[in-house]
Amino acid sequence: MSRIEDRLAEKGLSLPQAAAPVANYVPAVRTGSLVIVSGQICLGPDGKIAPEHLGKLGGEVSLEAGQAAARLCALNLIAQLKAAVGDLDEVVRCVRLGGFINARPDFAAIAQVMNGASDMMVEAMGEAGRHARSTIGVAELPMDAAVEVEGMFEVRSHA
């Protein structure tokens, strides 16, 4: 296991199976020393979205459930990253996360929801998990997911 997987195991977490794309895109693209991972929704270990992670923040989804959904998105990002590079010990750092929060127009705590993904990345990667980010409230997400997160990672380049 990689150092990232070891850190997750210490917290009682394991990586899910990397989900297959649901449309005309690839899960990740590697260019030079960067890997860009497509947006990942809050699929649980069973490959499904839990009922508490369906719908809108500020509506049927609580702040705490939104943060938990964002954590799942981050785990799914790491699973896709592993599928793309093979060995997570090749990962140098998380460069950027982009978060999309399915929210009612009057829900203002989108940054706090996204903290779930940011916190998970730091838990998994330590200081190398600190990243730049953007967080956007949106009207809808695929499968009525509460949260979707995309990521950019630096990996060791093998010239």
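As shown above, the structure is provided for reference.
Residues numbered from 1 in each chain as written. Predicted model: local features only at pLDDT ≥ 70, side-chain atom pairs only at ≥ 80, totals over all residues. Heavy atoms only, no water.

Helix and strand counts for the protein chain stand at three helices and five strands. Listing the helices and strands of the protein chain from first to last along the sequence gives α-β-β-α-β-α-β-β. Its C-alpha radius of gyration of 15 Å places the protein chain within 12% of the 15 Å reference for a compact globule of 159 residues. Its C-alpha atoms give the protein chain principal-axis dimensions of roughly 50 × 35 × 30 Å. (Helix = DSSP H or I, 4+ residues; strand = E, 2+ residues; numbered from the N terminus. Rg over C-alpha atoms; globule rule 2.2 N^0.38 Å.)

In this structure, the largest pocket spans a volume of roughly 270 Å³. Residue lining of the largest pocket: 17 residues in total, with A20, V22, Y25, I41 and L43 positioned closest to the centre. Put simply, the parts of the chain that give the lining of the largest pocket at least two residues each are β2 (34-41) and α2 (63-85). It is β2 that provides the largest number of residues to the lining of the largest pocket, a total of four residues. The residue makeup of the lining of the largest pocket, split by class, is 10 nonpolar, six polar and one charged. (1 Å grid on protein atoms, 1.4 Å probe; cavity = no way out; pocket = protein on both sides within 12 Å on 5 of 7 lines; lining within 4 Å. Points joined across faces, edges and corners; volume = space filled by probe spheres on them. Nonpolar A, V, L, I, M, F, W, Y, C, P; charged D, E, K, R; others polar.)

Moving on, we come to the side chain of Q80. By the secondary structure assignment, Q80 is in helix α2. Of the residues examined, Q80 reaches a relative accessible area of 3% and is grouped as buried. (Buried < 20%, exposed > 50% of the residue type's maximum accessible area, 1.4 Å probe, protein only.)

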